[in-house]
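Understanding the architecture of this molecule
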Amino acid sequence: MCTLIVLHRCVEASPLLVAANRDEYFERPAEGPALRDVPTATGSAKVLAPRDVREGGTWLGLNEHGLFAALTNRRCAAPDPNRRSRGLIVTDALTAARARDAAEMIESLEADAYNPFNLLVADRETAHVFSYEGKPERIDLEPGPHVIGNVHPRDTTSPKIARLRDEVATAMTRPAAEIPA
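Overview of the structure. Being a predicted model, the structure only gives us computed values, none of them experimental.

**Side note on helix H2 (residues 99–107)**
The complete set of buried residues in H2 reads Ala99, Ala102, Ala103 and Ile106. Each buried residue of H2 sits inside an arc of 100 degrees when the element is viewed along its axis, so together they form one side. Each element contacted by the buried residues of H2 is listed here: helix H1 (87–93), strand S7 (117–122), strand S8 (127–132) and strand S9 (136–141).

**Remarks on the sheet that holds strand S6 (residues 68–73)**
Ordered in space as S3-S4-S5-S6-S7-S8-S9, the 7 strands form an open sheet in which the pairing is antiparallel. Strand pairing shows two members of the sheet lacking a second neighbour, strand S3 (30–40) and S9, which therefore form its edges. Neighbouring strand axes in the sheet, compared pairwise and without regard to direction, differ in orientation by 20 degrees on average. Strand direction decides the pairing type here: strand S4 (residues 43–52) and strand S5 (residues 60–63), joined by 2 bridges, are antiparallel.

**A closer look at the pairing of S7**
Among the 6 residues in S7, 6 count as buried, and that is most of the element. Burial along S7 is two-sided: Phe117, Leu119 and Val121 facing one way and Asn118, Leu120 and Ala122 facing the other are all buried. Sheet analysis places S6 next to S7, joined by 6 bridges and oriented antiparallel. By the bridge assignment for S7, threonine 72 is matched with asparagine 118. Between S7 and S8, which follow one another and run antiparallel, lie 4 residues.

Parameters at a glance
Residues numbered from 1 in each chain as written. Predicted model: local features only at pLDDT ≥ 70, side-chain atom pairs only at ≥ 80, totals over all residues. Heavy atoms only, no water. Buried < 20%, exposed > 50% of the residue type's maximum accessible area, 1.4 Å probe, protein only. Helix = DSSP H or I, 4+ residues; strand = E, 2+ residues; numbered from the N terminus. Arc of directions from axis to C-beta. Contact = heavy atoms within 4.5 Å. Pairing = 2+ DSSP bridges. Axes fitted to C-alpha atoms, helices over the stretch in contact; angles between N-to-C directions.

Now the structure itself:
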């Protein structure tokens, strides 16, 4: 299960800290992180991100403005291979200058264009998660620790997510100097 641990505005020196893992099929080729030019309507954006070789998108990245975006695929009984690659929505989001701008763009996604996913867009000011299952559902995150997996972000039934939330809550009781920045 792909998982994101997000510390949004918890550590003064680092307004956004993210730990992520990617569970993907080993046969799915990917390139490591690199500085990439992503086309925009007015030119291009500089993005640091890995690349999915098969579809051209990514699962996480950071742009030149400090906008971070990351995706977790949601469980789906039968993914539709004719839908747009979910990794391309991350690339699209990274063309925005701010998390608020990316959030507005994501809110206008077409219905049923993608297989289910969760998407985080965040910068030093705001953080937003979108749960997409047929249409985007926006969740504005308050400052604090958050764990996002491959279930709806408000789902409390996943034992792995519950365990991680408990571990993150325990870690957050430590002095701020002990939290890696």
